Amino acid sequence: MTFLDYAPAPESAAILNLRDEYGLFINGEFVPGNGESFTTISPATEKHIATVSCASEQDVDAAVVAARRAYDKTWSRMSGADRGKYLFRIARLVQERARELAVAESLDNGKPIKESRDVDIPLVAAWFFYYAGWADKLEYAGLGPNPRSLGVAAQVIPWNFPLLMLAWKIAPALAAGNTVVLKPAETTPLTALLFAEILQQADLPAGVVNIVTGAGATGSALVNHPDVNKVAFTGSTAVGRQIARSTAGTSKKLTLELGGKGANIVFDDAPIDQAVEGIVNGIFFNQGQVCCAGSRLLVQESIHDDVVERLKARLSTLRVGDPLDKNTDVGAINSASQLGRMRELSDIGEQEGAERWSPACNLPSEGFWFPPTIFTNVSTSSRIARDEIFGPVLSVLTFRTPAEAIAKANNTPYGLSAGIWTDKGSRILAVADKLRAGVVWANTFNKFDPASPFGGYKESGYGREGGKQGLHAYLAPSAFAGSSAFKGDAR
Amino acid sequence: MSRLAVPKTYKLYVGGKFIRSESGRVYEVATTKGSFSVSSVNAAKASRKDARDAVVAARAAVSGWSGTTGYNRGQVLYRIAEILDGRRAQFAEEIAAFEGVSASAAQAQVDEAIDLWVWYAGWADKYVQVAGNGNAVSGPFFNLSVPEPTGVVAVIAPQSAGVPGSLLGFVRAVAPVLVSGNTVVVIPSEKAPLAALSLGEVFATSDVPAGVVNVLSGSPAEIAPWLAAHADVNALDLLGAGELEWVDLQIAAADTLKRVLPPEPGPDAGAPSLERITFFTETKTVWHTKGLL
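Residues numbered from 1 in each chain as written. Chains lettered and ligands numbered in written order. Predicted model: local features only at pLDDT ≥ 70, side-chain atom pairs only at ≥ 80, totals over all residues. Heavy atoms only, no water.

## Quick notes on the overall build of chain A
Stated precisely, the cut-off is as follows: A run of H or I in DSSP becomes a helix once it reaches four residues, and a run of E becomes a strand once it reaches two; helices and strands are each numbered from the N terminus. The size measure is the radius of gyration over C-alpha atoms, and the globule rule it meets is 2.2 Å times the number of residues to the 0.38 power. Relative accessible area decides the class of each residue, using a 1.4 Å probe on protein chains only: under 20% of the type maximum gives buried, over 50% gives exposed, and in between gives partly exposed.
Secondary structure assignment for chain A yields 15 helices and 20 strands. By the compact-globule yardstick of 23 Å for 491 residues, chain A fits well, its C-alpha radius of gyration being 22 Å. The dimensions of chain A, computed from C-alpha atoms along their principal axes, are 65 × 60 × 35 Å. Within the span of chain A, comprising 491 residues, buried residues form 62% of the whole.

Here you go:
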């Protein structure tokens, strides 16, 4: 063992008390689905974790009916203070069962336990805690007096941050007074189902939150259900477009949080060691399976060689392997299909002339694995500089002037995130002003907070999650006619 | 003997210039009542190419217009009101003759339009304070959210005569989009385009930079689909598209994930609101690291 080798330090999965089979969570109870059940596996071992029901169109309808009934009879009539108390309860239960949820998340998703334990689950609790306090203060949200809830919210979330994305969706929806039908991703339903148990423990009234598991067809049935008032989707831009098309002409309020190809801009006066940590965090956090990942490194030409050298040295110390090992930095890729996409795009990158580099690392033989990878000599027209790879793959490009950095950063149909590394405060402010991205991190990257709005420009979607802006996605001004019309201030 | 009038040629307003349609087409717009110098005029009929040229002009104007200070934009919008106020009689005459409303109703419409420019002008240096905020995050960061203009907005102005009418409807649609620094391509009322085309002359003499407002008279049914599908248009306001196949326009807009406002019917269509400003903005949140002392 060299000094950089660590003895295994696996987190015990004994804390989990999983069932063999999970039904759909409709009207406060687990019920079997009418679709064909599927299994959820650990992407690190490909081993079976549990069998999960698939919601058919009929099941989705039952869930929407339950949500509508809960909205009409219970939730929309409850005081904001009481809605808030339920959300506080949920926040506390998440904190109490945090370790169990972290283990389940790492098992089902493949992400390192240190991330699920220190990032995902604490943020889940924080999100519920933050929005709990909004529930009886909605008149301060900036939409005028007595803003109104919308009704039943249909929410479809991705697999990269399964429980965190659930929290981003459910917490503001409930605080604003809506009821929810949520579909977790097909490959990561586990923590949403544990969350349903938490809702039972919290005595949340039946039907206020319903969870329907399944694949794309289930999600499509949900967002296209005629009795849904609000659709919130996080996922790929391609699916986002489909949803925007299918909800066109309806009164459903739509928010979309889609893909990205974030630029991480490093100026020559940046604190290089900190920047290198930020670059690593920006693209290798959660195996790069992050919509706001800093997947395009724009580094000033004069420091390119130095940065790349230090980056390679740093990557060589990353520990890739068992997600449940507390020392692991980079875990498993979530699914075989995602792994296939990473391989395909990386091969294209090589064919298009970029230089590929990965540290030496022994990948496990079972499961889905992709080594941390950087591409240098990447041209702006290359697929790996334009397409969202959604994996631990960094494309390195260079620039000479701030104007060139801004032009290259904005040269994408996406507009979700960006990073700026420089010691010069005035430059941060000037560059941040010009970047067409919804979240800009200056001398940091991939920071999230329930008080901080998150969401994209351009084809990265519309609407914001987090902060009071996140509430607006689930509220309408009181004069709102109920469908599409804005009724403004009377002059 | 009465003097022989010199009627105006009503042309498109694109990139700060008054141009004929590249297609050479015009369509006849007839007076419906009242006295006007001539009984009908030929308005330019914009083509697909004109629409694309207008988007190019609007895109080119984004960085300049959005880069001005709110104080400056507010003064420019206020100047539109000033210049329009000096031409009240001309606009009232056009509206009365081509919308078929009474002289007093036409005058009231012009006055309300002027006042609305004043109201929106005052928002230009304030909407950021109202819609943005500092965020107290759990960590050593200074975190600020500010709304910014979304870019190029295509607008279908209210089409029906009466209330709000061709001029007021146009201003209700266009003014809030301009407040934050967006640029616009507008299709005015097809039946009564003259007030909008004359308003181009007001823009041209109000320090509104070329390309910030582009006015395309003609058939919304013909031009709107090209704007809805155009990849360099960021948002679509269907305010006056209720009589069109507007769902198809919204579907076309989904391809590039444009922000879309649906049609509004009736006299309250496009009623003044802060939401009409903020809908065409994007919230940007910037995290600044705080150093250790």
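## Some remarks on the domain arrangement of chain A
All names here are of chain A. Heads up, the condition is: The split into domains, and so the bounds of each, comes from an automatic or database assignment of domains. The contact criterion used throughout is that any non-hydrogen atoms of two residues lie within 4.5 Å. Any carboxyl oxygen of Asp or Glu that lies within 4 Å of a side-chain nitrogen of Lys or Arg is treated as forming a salt bridge with it. Whenever a nitrogen or oxygen atom comes within 3.5 Å of another N or O atom, the pair is scored as a polar contact, on the condition that within protein one atom can donate a hydrogen and the other can accept it, and that pairs from neighbouring residues in sequence are kept only if both atoms are in side chains. Residues are grouped as follows: Ala, Val, Leu, Ile, Met, Phe, Trp, Tyr, Cys and Pro are nonpolar; Asp, Glu, Lys and Arg are charged; all remaining types, including Gly, are polar.
Here chain A is partitioned into domain 1 (13-258 + 460-476) and domain 2 (263-442). Spacing between the C-alpha centres of domain 1 and domain 2 amounts to 30 Å. Contact residues are listed per partner, giving 29 residues for domain 1 and 29 residues for domain 2. If you look at where domain 1 meets domain 2, you find one salt bridge. Note that Lys 114 and Asp 329 form a salt bridge whose closest N and O atoms lie 2.4 Å from each other. The interface formed by domain 1 and domain 2 includes 13 residue pairs in polar contact (both at pLDDT 80 or more). Of all the elements in the fold, those that place two or more residues in the side of domain 1 that touches domain 2 are helix H3 (98-109) and helix H4 (113-134). Along the lines of polarity and charge, the residues of the side of domain 1 that touches domain 2 split into 12 nonpolar, nine polar and eight charged.

## Considering the sheet that holds strand E5 (residues 133-134) of chain B
Quick note on the threshold: Pairing between strands requires that DSSP locate at least two bridges from one strand to the other.
The strand order E14(A)-E15(A)-E16(A)-E13(A)-E12(A)-E17(A)-E18(A)-E12(B)-E6(B)-E5(B) describes an open sheet built from 10 strands, whose pairing is mixed. The open sheet has two edge strands with one neighbour each: strand E14 (355-357) of chain A together with E5 of chain B. Looking at chain direction, strand E18 (residues 439-442) of chain A and strand E12 (residues 281-289) of chain B are connected through four bridges and run parallel. If you follow Val440(A) over to E12(B), its bridge partner there is Val286(B).

## A look at the sheet that holds strand E5 (residues 48-52) of chain A
Judged by pairing direction, the sheet is mixed, and its three strands sit side by side in the order E1-E5-E4 (chain A) without closing on themselves. Each edge of the sheet is formed by a strand with only one pairing partner; in this case those strands are strand E1 (21-22) and strand E4 (38-41) of chain A.

## Re the interface of chain B and chain A
Quick note on the threshold: By buried area we mean the combined loss of accessible area, with a 1.4 Å probe, across both parts when two parts are placed together.
Between chain B and chain A, the residue contacts involve 47 residues of the former and 47 residues of the latter. Here chain B packs against chain A, burying approximately 3,700 Å² in sum over the two surfaces, 54% of which is carbon and sulfur. On the chain B side of the contact with chain A, Leu257(B), Glu275(B) and Trp287(B) bury the most area, a combined 19% of that side's loss. The tally of links between chain B and chain A comes to two salt bridges. Note that Glu282(B) and Arg464(A) form a salt bridge whose closest N and O atoms lie 3.7 Å from each other.

## Comments concerning the UniProt feature "domain: Aldehyde dehydrogenase" (unreviewed entry) in chain B
Heads up, the condition is: UniProt positions are given in the numbering used here, feature names are shortened, and annotations may be inferred rather than shown by experiment.
The residues that UniProt annotates with the feature "domain: Aldehyde dehydrogenase" (unreviewed entry) are residues 42-243 of chain B. Taken end to end, residues 42-243 of chain B is 53% helix and 15% strand, and its two terminal C-alpha atoms sit 23 Å from one another.

## Thoughts on the nonpolar core
The condition that has to hold: Definition used in this section: a nonpolar core is a set of buried Ala, Val, Leu, Ile, Met, Phe, Trp, Tyr and Cys residues joined via side-chain atoms within 4.5 Å.
Phe128(A), Leu166(A) and Phe195(A) are the most contacted members of the largest nonpolar core, which totals 116 residues. The greatest single-element share of this core, amounting to 11 residues, is contributed by helix H5 (residues 162-175) of chain A. Mapping this core onto the domain boundaries places at least three of its residues in each of domain 1 (13-258 + 460-476) and domain 2 (263-442) of chain A. Once residues lying within four places of it in the same chain are set aside, the contact partners of Phe128(A) are Leu87(A), Ile90(A), Ala91(A), Leu166(A), Ala167(A), Ile170(A), Ala171(A) and Phe195(A). Grouped together as the second largest cluster of nonpolar side chains are 66 residues, Leu167(B), Leu194(B), Val208(B) and Leu239(B) included.

## Describing the pattern of salt bridges
Residues and elements named next belong to chain A. One pass over the full model with this rule turns up 38 salt bridges over all chains. Between Arg 97 and Glu 100 there is a salt bridge, with its nearest N and O atoms 3.0 Å apart. This pair shows no difference in class: Arg 97 is buried, exactly as Glu 100 is. For Arg 400, the salt bridge goes to Glu 301, with nearest N and O atoms at 3.1 Å.

## Considerations on the packing of aromatic side chains
Formally: Two rings belonging to Phe, Tyr or Trp (six-membered ring only in the last case) form a pair when the distance between their centres is within 6.5 Å. Interplanar angles under 30 degrees mark stacking, angles over 60 mark edge-to-face geometry, and anything in between is tilted. Consider the ring centre and the ring normal. A charge sits over the ring if Lys NZ or Arg CZ is within 6 Å of that centre and within 35 degrees of that normal.
Counted under the stated rule, the structure contains 23 aromatic pairs over all chains. Ring centres of Trp119(B) and Tyr120(B) lie 4.9 Å apart, and the angle between their planes is 75 degrees; this geometry places the pair in the edge-to-face category. For Trp119(B), a relative accessible area of 26% gives the class partly exposed. Assessed through its relative accessible area of 1%, Tyr120(B) is described here as buried. Within the aromatic cluster, the residues linked to one another by ring pairs are Trp127(A), Trp168(A), Trp441(A), Phe445(A), Phe448(A) and Phe454(A). Across the ring face of Phe30(A), the terminal group of Arg19(A) is positioned such that the distance to the ring centre comes to 4.5 Å. Over the aromatic face of Tyr6(A) sits the side chain of Arg319(A), whose NZ or CZ is 4.0 Å from the ring centroid.

## Thoughts on the confidence of the model for chain A
Rules: Values of pLDDT, which run from 0 to 100, indicate the predictor's confidence residue by residue.
Residues of chain A with pLDDT of at least 70 account for 97%, and the chain-wide mean is 95. For residues 480-491 of chain A, every residue scores under 50 in pLDDT, and the model assigns this stretch 25 contacts once sequence neighbours within four places are set aside.

## Describing the layout of surface pockets
Quick reminder of the rule: Whether a set of points on the 1 Å grid over the protein atoms alone is a cavity depends on a 1.4 Å probe fitting there but being unable to get out, while an open set qualifies as a pocket with protein on both sides within 12 Å along at least five of seven lines; lining residues are those with an atom within 4 Å of a point. Grid points are joined across faces, edges and corners, and a volume is the space filled by probe spheres set on the points.
In this structure, the second largest pocket encloses a volume near 1,100 Å³. What lines the second largest pocket is a set of 35 residues, among which Asp433(A), Lys434(A), Arg436(A), Ser66(B) and Glu148(B) lie closest to the centre. Looking at the lining of the second largest pocket, the elements with two or more residues in it are helix H14 (425-434) of chain A together with helix H1 (48-67), helix H2 (70-85), helix H5 (127-131), strand E6 (141-149) and E12 of chain B. A per-element tally of the lining of the second largest pocket places E6(B) first, with six residues. Partitioning the lining of the second largest pocket into residue classes produces 15 nonpolar, nine polar and 11 charged.

## Brief notes about helix H2 (residues 80-96) of chain A
Residue and element names in this part refer to chain A. Spelled out, the test is: Multiply 1.5 Å by the residue count of a helix minus one, and that product is the helix's expected span.
Here H2 is 17 residues long and its end C-alpha atoms lie 24 Å apart, about the 24 Å a rise of 1.5 Å per residue gives. Three or more residues of H2 are buried, namely Gly 80, Arg 83, Gly 84, Tyr 86, Leu 87, Ile 90, Ala 91, Leu 93 and Val 94. Tucked into the core, H2 has its buried residues touching helix H1 (57-75), H3, H4, H5 and helix H6 (190-201).

## Some points on the packing of H4(A) against H5(A)
Residues and elements named next belong to chain A. So the rule is basically this: Only the contacting stretch of a helix is used when fitting its axis, a line to C-alpha atoms as for every element, and angles between N-to-C directions run 0 to 180 degrees. Angle categories: roughly parallel below 35 degrees, roughly antiparallel above 145, roughly perpendicular from 65 to 115, and oblique for all the rest.
Put simply, H4 and H5 touch, their axes get as near as 9 Å, and they point 5 degrees apart. Here H5 runs roughly parallel to H4, going by the angle between their axes. Facing H4, whose interface residues are Asp 120, Ile 121, Leu 123, Val 124, Trp 127, Phe 128 and Tyr 131, H5 presents Leu 163, Leu 164, Leu 166, Ala 167, Trp 168, Ile 170, Ala 171, Pro 172 and Ala 175. In terms of residue class, the contact of H4 with H5 is made up of 15 nonpolar, no polar and one charged.

## A few points about the UniProt feature "domain: Aldehyde dehydrogenase" (unreviewed entry) in chain A
The UniProt record marks residues 30-476 of chain A with the feature "domain: Aldehyde dehydrogenase" (unreviewed entry), using the residue numbering of this structure. With 41% helix and 16% strand, residues 30-476 of chain A has its two end C-alpha atoms placed 32 Å apart.

## Re the pairing of strand E3 (residues 26-30) of chain B
All names here are of chain B. A one-sided burial pattern is seen for E3, the buried positions being Tyr 27 and Val 29 and the unburied ones Val 26, Glu 28 and Ala 30. As paired strands, E3 and strand E4 (residues 40-44) are joined by five bridges and run antiparallel to one another. From the neighbouring strand, Ala 30 faces E4, where its bridge partner is Ser 40.

## Regarding the packing of H2(A) against H6(A)
Residues and elements named next belong to chain A. Filter applied, for reference: Here a crossing is called left-handed whenever its near helix is offset anticlockwise from the far helix by less than a right angle, and right-handed whenever the offset is clockwise.
Between H2 and H6, the shortest axis-to-axis distance is 10 Å and the interhelical angle comes to 125 degrees. In terms of orientation, H2 and H6 fall into the oblique class. As for how H2 packs across H6, the hand of that crossing is right-handed. Mapping the contact onto sequence places Ile 90, Leu 93 and Val 94 in H2 and Phe 195, Ile 198, Leu 199 and Gln 201 in H6. Of the residues assigned to the contact of H2 with H6, the class counts are six nonpolar, one polar and no charged.

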